[in-house]
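Here are the chains, one letter per residue:
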Amino acid sequence: MSKKAKEILQMDLYGLLDIGSTATTKEIKKAYRQKALTCHPDKNPDNPKAVELFHQLSQALEVLTDAPAKAAYDKIRAAKKQAEERNRKLDDKRKKIKLDLETREQHAEFQSQEDVFNTRTLEEEIARLREEGSRQLEEEQRLVREQIQREREAQLQQTGGYTQRDSGVERCSKTNVTPKLKLKWKCKKEDETNGGYSQDILFRLLQKYGDVSNVIVSSKKRGSAVVEFATVRAAELAAKNESGLSENPLKISWLEGQPEVIAPASQPGHFMSSQGQLSNERDYESVVMMKMRQAAERQKLIEQMQREDDEEAV
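In this report, we go over the structure that sits alongside the text.

Rules used throughout
- Residues numbered from 1 in each chain as written.
- Predicted model: local features only at pLDDT ≥ 70, side-chain atom pairs only at ≥ 80, totals over all residues.
- Heavy atoms only, no water.
- Phe/Tyr/Trp six-rings, centres within 6.5 Å; stacked < 30°, edge-to-face > 60°.
- Helix = DSSP H or I, 4+ residues; strand = E, 2+ residues; numbered from the N terminus.
- Buried < 20%, exposed > 50% of the residue type's maximum accessible area, 1.4 Å probe, protein only.
- Core = buried A, V, L, I, M, F, W, Y, C linked by side-chain atoms within 4.5 Å.
- Contact = heavy atoms within 4.5 Å.
- 1 Å grid on protein atoms, 1.4 Å probe; cavity = no way out; pocket = protein on both sides within 12 Å on 5 of 7 lines; lining within 4 Å.
- Points joined across faces, edges and corners; volume = space filled by probe spheres on them.
- Domains from an automatic or database assignment.
- Axes fitted to C-alpha atoms, helices over the stretch in contact; angles between N-to-C directions.
- Parallel < 35°, antiparallel > 145°, perpendicular 65-115°, else oblique.
- Nonpolar A, V, L, I, M, F, W, Y, C, P; charged D, E, K, R; others polar.
- Pairing = 2+ DSSP bridges.
- Salt bridge = Lys/Arg side-chain N within 4 Å of Asp/Glu carboxyl O.

What follows is about the packing of aromatic side chains. Across all of its chains, the model carries 2 aromatic pairs by this definition. Look at Tyr14 and Tyr73: their rings are 6.1 Å apart centre to centre, the planes differ by 45°, and that puts the pair in the tilted class. Highlighted residues: Tyr14 in helix α2 (residues 13–17) and Tyr73 in helix α5 (residues 67–89), separated in sequence by 59 residues. Residue classification places Tyr14 among the buried residues on the basis of a relative accessible area of 1%. Between Trp185 and Tyr197, the aromatic rings sit 4.8 Å apart at their centres with planes inclined by 45°, giving tilted as the arrangement.

Structure follows, in structure tokens:
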């Protein structure tokens, strides 16, 4: 049994979302959204338990909103409850009867075969979800990120544009460099699966920390990739918390855009410009220049990786 299947079987997916087994897809999504908002990594950057809970909620949504995977999970869940009920009703006297013992042994063998079949079915459904991805999960996580972004914008307007603080240390959030992380993992040259990682798999692993702008997997240098995030915060969370596949962990390091930590400001608004907000025209020019720099950086990075691949091939 795969590690992911074992984790899911050990969890009460309905209990995680505080819903019943008869909940509709709409009710499941609503419960996920309410729970995910409280433990999203962006709201709990220094709480590993919140990150783990968010991951478990994502697994619950992924399985319970997919009909075949939910059916397989419900079947194993029902079988476990029936087995517990049977064991509870058995008394000591009946356990001593040989005929009953033989009957139970035969039944146990049959039940074991059925459990193996059911477990294999769930594993197959989980593997399919892993390969195809869960549109439901991606959509719900996008909605959660959008709501968090709206809350931040509203809070920023109320505070007059002050920068956020983290445990008394202020991080500079304005930078002209797009945050990028370098990923490495074990992979043999003849391994056509690239160590179990692809562009889609890396995207799904990292998008839970925030918007991923681009994923570049080296075509010649196996076991290597570069990921570009939309925000520094998303890159920080990914670098701190993501470990990749359990059978082939990731090694993550900063390539560009790592934020600098500076001393706390004496005044709460010392980052605010003395001239107030920029005009719409200057804001538009800044956005255009930033996007041009990002495009140039991305092209330069691609060319650099291609040169490294060509050098290693020679």
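Glancing now at the nonpolar core. Core analysis: the biggest nonpolar cluster contains 33 residues, and Leu13, Leu17, Ile19, Tyr32, Leu64 and Tyr73 have the highest contact counts within it. Counting residues per element, the ones that place at least two in this core are α1 (3–10), α2, α3 (25–39), α4 (48–64), α5, α7 (98–132) and α8 (135–158). If sequence neighbours within four positions are ignored, Leu64 has contacts with Leu13, Tyr14, Leu17, Ile19, Ile28, Lys70 and Tyr73. Core analysis: the second largest hydrophobic core is formed by 21 residues, Leu181, Leu183, Val212 and Ala235 among them.

Each pocket or cavity is described by its volume, and for the second largest pocket that value is around 1000 Å³. Forming the boundary of the second largest pocket are 36 residues, of which Lys4, His55, Gln59, Leu205 and Gly244 lie nearest the centre. Of all elements in the fold, only α1, α4, α7, α8, α9 (199–206) and β6 (244–245) reach the threshold of two or more residues within the lining of the second largest pocket. It is α4 that contributes the most residues to the lining of the second largest pocket, 8 residues altogether. Shared between two domains, the lining of the second largest pocket holds at least three residues of each, these being domain 1 (3–65) and domain 2 (180–256).

On to the packing of α1 against α4, then. In contact at an axis separation of 11 Å, α1 and α4 are set at 90° when each is read in the N-to-C sense. When the axes of α1 and α4 are compared, the pair comes out roughly perpendicular. Of α4, the residues touching α1 (which contributes Lys4, Glu7 and Ile8) are Gln59, Glu62 and Val63. By residue class, the composition of the contact of α1 with α4 is 2 nonpolar, 1 polar and 3 charged.

This paragraph deals with the sheet that holds strand β8 (residues 251–256). What the 4 strands build is an open sheet, ordered β4-β5-β3-β8; its pairing is antiparallel. On the outer flanks of this sheet lie β4 (212–217) and β8, each paired with one strand and no other. Averaged over all adjacent pairs, the angle separating strand axes in this sheet is 25°, with direction ignored. In the sheet, strand β3 (residues 180–184) pairs with strand β5 (residues 224–229) via 5 bridges, with the strands oriented antiparallel.

Going through the model one piece at a time under the given rule, you end up with 10 salt bridges. Taking the shortest distance from any N to any O, the salt bridge between Arg33 and Glu140 comes out at 2.8 Å. One end of the pair, Arg33, is in helix α3; the other, Glu140, is in helix α8, with 107 residues separating them in the sequence. What makes Arg33 partly exposed here is its relative accessible area of 27%. On the basis of relative accessible area, Glu140 is assigned to the buried category, the value being 2%. Between Lys70 and Asp74 there is a salt bridge, with its nearest N and O atoms 3.0 Å apart. Taken together, the residues Lys70 and Asp74, both in helix α5 and 4 residues apart, mark about one turn of the helix. Accessibility expressed as a relative area gives 17% for Lys70, which makes it buried.

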